Amino acid sequence: MADAEKRSPTPSESRKGSGKKSPKPDLPATKSKQSHLTIPAHNMEGIPPKDIVPLFMATKTQEIFSCICDEHVTEDEPFKLIKKEDIITDMKMRAAISDFHPVKQIVLDYPGETLLISYDPDFKYGQNFFLCITEESKNKIIQPETPEDEEVTAAEGAVVGKAPGEDEVYVYKPPEAKDWIPQGSQVEVEDEMVMDTRPKIKVRASRVRREFGAPFKFKDRDADPASTDQGLSASYLSCNSYSDKNYTLKKAELDNAVQAVPELVDGSSQTDWKHPVNASVQYEPRSISAEEAKAAQDTPEFEEFVKDALPRFELALQQNIIMDVFFDDWGVLGDEDTNFGSKSDSHLKEYQSFTDLQYSKDKTVTCVDWHPMIKGVMAVSCCQRLSFDERIDQANRLLMTPSLVLIWSFADPIHPQLLLEGPDDITCFKFCPTNPNIVAGGCINGQLVLWDITEYADKLTSSRGSASKANQKKAAMFGEELAPETPTVRYCCVSAIEHSHRNVITSLDWIPDHYELNRLGQAVENRMCEICQLMTCGTDGHVMIWDTRPPKATGREQPAPEVLGVSQAFKHLDLSWKPMIKLAMPKTDSSGDYSPIKFSMAERQGVRDHVPLPSGGKPEAGAGMAKIPSAKNQKPLDCISTRYFLGTEDGEVVCTDLKMEKDNETGKPNVPKPSWVVTPHDGPVCTLQRNPFFNDVILSVGGWTFGLWRDGVTNGAILQSACAAKLYTAGHWSTTRPAVFFLGTNDGNVEVWDLLDRTHEPLLVQNVTAAQVTQIVPWVVSKKQHLIAVSDNVGTLHILEIPWNLRHPSSSEKSGVQAYFDRETKRIEYFDRRATMRANQRTDDNKKAAAKPTDQNSDENLAEEHKAEYEAFLTLEKKLLQELGIVEEDKPEI
Amino acid sequence: MSEIEETIKRIQSHKGVIGIIIVNNEGIPIRTTLDNSTTVQYAGLVHQLTMKARSTVRDIDPQNDLTFLRLRSKKHEIMVAPDKDYLLITIQNPSE
């Protein structure tokens with residue numbers, strides 16, 4: 001109120017103020033009052049807009065118009081509409097003291113009826129009230145105050161603080177880009193910039209074209225500066241350096257600071273750091289207890305999971321069974337065709353034949369064996385073809401002729417490479433599979449002999465070609481045919497006569513190196529993994545096991561005479577060799593003994609997958625030199641089967657065991673009884689052999705028939721052939737095809753049987769020799785060459801080549817043969833079952849027949865019954881005949 | 001519980017099936033028809049392989065997931081059905 005004059009600017013001033021749009025809108029719209037009046041400020045501040053006039057209203061006036069501050073008009077409702085007439089009346093009444101006096105003219109000019117007076121508590125326009133002059137402003141203000149408010153809030157928007165009394169919602173308005181106002185920093189920047197002060201001047205220099213390439217002439221000029229004296233212009237100008245005083249600087253006193261600081265030095269040294277490293281870790285898999293597992297399985301999620309997983313598995317499993325998707329069809333495509341190929345190729349081709357005019361003529365070949373290591377070397381044992389009586393008669397003569405085993409090589413078909421001499425005719429022999437320099441042979445008198453051909457091993461290996469050349473040389477030298485000297489090797493050890501077989505040794509075999517037999521016939525561990533035991537059988541009814549190692553009790557050194565040229569290998573056994581085990585084979589159902597001709601062991605040399613490796617280290621010793629280990633050192637092996645089959649002279653096939661049980665009563669080991677006997681053949685069994693692919697299938701050949709047996713199937717044979725036309729004298733499985741075997745007959749034929757092709761007749765019959773075939777032994781010499789040795793009764797050994805289709809197994813042959821055996825086994829079982837069923841049925845029927853009602857059982861009744869039936873039959877017959885007209889009708893008697 | 005037994009018996013009765021192992025999400029076998037050492041070995045190794053296979057499938061396409069895994073070797077075929085929490089492993093000898 002005091003500074004009324006100051007604060008009420010004239011309308012012209014206010015107009016001026018309103019006309020300016022100040023570039024500084026951000027001055028806070030606070031309660032600052034007067035100071036802004038003189039400065040050009042915001043519209044809203046001190047200078048009211050054009051159509052608003054500040055008006056001072058005294059309390060009296062306020063009372064009159066009922067617009068007392070804070071009663072009728074408040075900050076919230078500052079507006080009051082007053083009638084123009086009222087104002088005029090007031091002015092008339094109070095004249096100069098009326099507050100409206102200064103605005104008298106405005107009021108009078110006011111077009112409308114009512115005027116708006118607004119309370120201005122902040123003295124924004126200078127007074128406590130203001131008056132709107134024009135209708136527009138009045139309307140503008142009366143209309144919801146939003147326009148004014150918006151301007152106010154816009155001013156305040158940039159500022160955080162709010163004027164009191166305004167509760168608008170804070171609306172965020174992002175800052176708007178405003179013009180840059182330089183503060184003086186651009187000067188420095190402009191100083192730094194390098195700018196052109198004037199445009200660049202372009203200069204172009206050029207030379208007249210005709211001056212290019214002008215002829216030139218160079219002249220020498222003296223460089224000596226002294227020449228300048230002579231008037232010649234200086235050719236060079238030297239600019240020497242000199243000290244220019246303008247540029248000498250005096251060093252003023254400078255303040256320098258020194259700080260003493262310890263020097264920081266980086267040092268390092270390499271030390272040996274031994275830190276612990278995991279050498280080994282022992283861990284075990286995590287597992288959960290059974291209760292937890294059970295708990296986990298009881299959850300419904302588990303059930304769900306299993307249910308969901310099942311169809312996927314079923315699909316996959318069935319897919320696998322239906323078809324093998326990874327089967328290589330292309331690879332086996334060629335197999336089928338070749339079988340139907342050249343038929344001409346499917347017979348055994350003659351390869352070579354061996355006979356010696358001196359040693360094997362007219363003798364019978366009793367045994368053939370191929371050398372296990374050296375290819376193309378085989379041995380043949382020859383015997384005189386004499387019956388027992390003839391032998392006795394010619395005993396003297398026979399003593400003079402040596403009994404030999406001839407060793408032949410492919411290189412020389414006429415002369416044998418080596419001769420092994422035995423004490424008597426050798427009926428069977430065998431190379432030791434692991435040490436082929438040892439040959440064991442059984443004689444006709446029951447003795448067992450051993451040869452050691454280590455010295456001649458080289459001769460055998462190098463027998464290809466060199467021998468014949470040497471022969472030719474010799475022949476050339478002497479001009480006459482000289483037979484090469486065939487070295488003879490005498491046996492190095494022979495068994496004690498009183499302990500050997502009493503009759504012919506018919507068969508012998510080495511026991512495989514993965515086990516040994518002890519005195520009780522049990523299989524024990526073979527520490528050395530070397531062959532050291534033999535098994536023999538003879539027609540005296542005994543089966544014997546021999547050991548080639550020296551027995552424990554050899555304390556005394558016998559000064560045995562050393563014979564030249566004989567190996568000392570088995571000196572310990574010579575003449576004193578006793579069998580370790582001697583088993584008599586008593587017959588089960590009748591008296592007497594079985595006289596075994598052939599036997600077949602369950603274990604095969606080289607097949608030792610089922611045998612654990614020997615524990616402990618291998619003691620060092622040469623073959624045959626080690627002592628028989630004491631019984632307690634040997635670990636019994638349960639995985640070895642000590643069962644074996646015997647084929648006898650009477651055509652029986654016997655299955656028995658080597659293991660002896662201790663008899664409780666006598667304390668002596670008891671010979672085990674045969675578990676199974678069958679008599680399929682009508683002649684002596686000449687061959688008893690297991691299938692090389694299926695260890696439980698045995699071929700037995702004897703008499704006019706052959707039979708296939710399965711170990712364990714005691715009810716019948718898998719296959720028993722019909723009687724052939726000729727006696728079978730030899731047989732052997734094929735070494736490469738599981739379904740093929742060869743049989744030899746009495747008239748020199750070799751029959752090839754294929755079980756998968758047909759089982760009622762052989763696949764191929766081929767005549768090899770004119771005499772009886774005594775032995776057939778096939779052998780794989782090389783991958784391309786499979787040979788079969790056929791020996792006959794007249795001392796000749798024929799070597800034939802097996803054609804491709806007889807030696808190459810088809811892809812499914814093994815499974816086919818397996819299936820065949822299984823089928824036959826099932827057939828046997830089925831027949832057994834049916835047989836028992838039928839037997840039961842028959843007894844039932846008999847019982848039923850016997851249990852018929854008894855009232856008609858009496859004979860009389862039966863006789864009468866029969867009579868009545870007969871008479872009925874007679875009448876019927878008569879009637880029929882009469883009808884047919886054959887018999888005249890009975891004429892009634894007159 | 002009996003349903004689970006039935007299902008396992010069904011799978012086991014297929015031709016050539018050697019054994020079944022059910023493994024939880026940590027790789028610990030819960031249920032098996034084989035002996036302990038074999039089970040533990042299979043469970044550990046196959047579990048890792050399945051995790052790897054599943055992560056491979058999901059890396060290539062995150063929307064995808066492993067439903068079945070068949071591992072065929074010369075001798076057997078190993079089939080694995082993975083799940084969120086469990087793993088069912090079956091070993092079959094297809095060509096008998």
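A brief report on the enclosed structure follows. Remember, it's a predicted structure, so these values are computed and weren't measured experimentally.

Details of a negative patch on the surface
Residue and element names in this part refer to chain A.
Stage number 1. A contiguous patch of negative charge on the surface is contributed by Glu188, Glu190, Asp191 and Glu192.
Stage number 2. Tracing the sequence through the fold places Glu190 in helix α9 (residues 185-192).
Stage number 3. You can call Glu190 partly exposed: its relative accessible area is 48%.

Considerations on the packing of aromatic side chains
Residues and elements named next belong to chain A.
Stage number 1. One pass over the structure, following the stated rule, counts 22 aromatic pairs over all chains.
Stage number 2. On the numbers, 6.0 Å between centres and 15° between planes, the contact of Phe354 with Phe410 is stacked. Here Phe354 is found in strand β5 (residues 349-354), whereas its partner Phe410 is found in the loop between β8 (403-409) and β9 (418-422), with 56 residues between them in sequence.
Stage number 3. You can call Phe354 buried: its relative accessible area is 0%.
Stage number 4. Residue class for Phe410 comes out buried when judged on its relative accessible area of 10%.

Some remarks on the nonpolar core
Stage number 1. Counting 38 residues, the largest nonpolar core has Ile407, Leu450, Trp451 and Ile453 of chain A as its most contacted members.
Stage number 2. Formed by 22 residues, the second largest nonpolar core is a distinct cluster that contains Leu517, Leu637, Tyr644 and Leu646 of chain A.

Some details on a nonpolar patch on the surface
Stage number 1. Nonpolar side chains collect at one region of the surface, where Ile322, Met323, Val325 and Phe326 of chain A lie side by side and expose about 480 Å² of accessible area between them.
Stage number 2. Among the structural elements, Met323 of chain A can be located in the loop between α11 (300-322) and α12 (333-339).

Let's talk about the sheet that holds strand β19 (residues 542-547) of chain A
All names here are of chain A.
Stage number 1. Read from one edge to the other, the open sheet built from four strands follows the order β15-β18-β19-β20, with strand pairing classed as antiparallel. With one partner strand each, in any of the chains shown, β15 (505-510) and β20 (579-584) form the two edges of the open sheet. Taking each pair of neighbouring strands and ignoring which way they run, the sheet shows an average axis angle of 15°.
Stage number 2. The sheet contact formed by strand β18 (residues 533-538) and β19 spans five bridges and is antiparallel. In the sheet register, Gln533 faces β19, and the bridge partner there is Asp547.

A few points about the state of the cysteines
By definition, a disulfide links the sulfur atoms of two cysteines through a covalent bond.
Residues and elements named next belong to chain A.
Stage number 1. Applying the stated criterion across every chain yields a total of zero disulfides over all chains.
Stage number 2. Cysteine Cys383 remains unbridged, with the sulfur of Cys382 as its closest cysteine sulfur at 7.7 Å.
Stage number 3. Classification of Cys383 by relative accessible area gives buried; the value is 3%.

Some details on the interface of chain A and chain B
Stage number 1. Contact with chain A, which involves 30 residues of that partner, is made by 33 residues of chain B.
Stage number 2. By the criterion of area lost to chain B, the three top residues of chain A are Phe305, Phe313 and Leu317 of chain A, representing 22% of everything that side buries.
Stage number 3. On the surface where chain A and chain B come into contact, there are two salt bridges.
Stage number 4. There are eleven residue pairs in polar contact (both at pLDDT 80 or more) connecting chain A and chain B.
Stage number 5. Breaking the side of chain A that touches chain B down by element, the ones donating at least two residues are α10 (290-298) and α11 of chain A.

Some remarks on helix α5 (residues 84-94) of chain A
Residue and element names in this part refer to chain A.
Stage number 1. All of the buried residues in α5 are Lys84, Ile87, Ile88, Asp90, Met91 and Arg94. The buried residues of α5 occupy an angular sector of 160° when projected down its axis, which confines them to one face. Among the exposed residues of α5, those pointing more than 90 degrees away from its buried face are Lys92 and Met93.
Stage number 2. If you follow the buried residues of α5, they end up packed against α4 (59-64), β2 (79-83), α6 (104-109) and β3 (114-119).

Thresholds applied
Residues numbered from 1 in each chain as written. Chains lettered and ligands numbered in written order. Predicted model: local features only at pLDDT ≥ 70, side-chain atom pairs only at ≥ 80, totals over all residues. Heavy atoms only, no water. Patch = residues over 30% accessible without salt bridge, like charges linked within 9 Å, V, L, I, M, F, W, Y side chains within 5 Å. Areas by Shrake-Rupley, 256 points an atom, 1.4 Å probe, with all protein chains shown as cover. Salt bridge = Lys/Arg side-chain N within 4 Å of Asp/Glu carboxyl O. Lys, Arg positive; Asp, Glu negative; His and termini not counted. Charge placed at Lys NZ, Arg CZ, Asp CG, Glu CD. Helix = DSSP H or I, 4+ residues; strand = E, 2+ residues; numbered from the N terminus. Buried < 20%, exposed > 50% of the residue type's maximum accessible area, 1.4 Å probe, protein only. Phe/Tyr/Trp six-rings, centres within 6.5 Å; stacked < 30°, edge-to-face > 60°. Core = buried A, V, L, I, M, F, W, Y, C linked by side-chain atoms within 4.5 Å. Pairing = 2+ DSSP bridges. Axes fitted to C-alpha atoms, helices over the stretch in contact; angles between N-to-C directions. Disulfide = S-S within 2.5 Å. Contact = heavy atoms within 4.5 Å. Buried area = accessible area lost by both parts, 1.4 Å probe. Polar contact = N/O pair within 3.5 Å; in protein donor to acceptor, adjacent residues only side chain to side chain. Arc of directions from axis to C-beta.

From the geometry alone we can't say anything about function, so treat these as descriptive.
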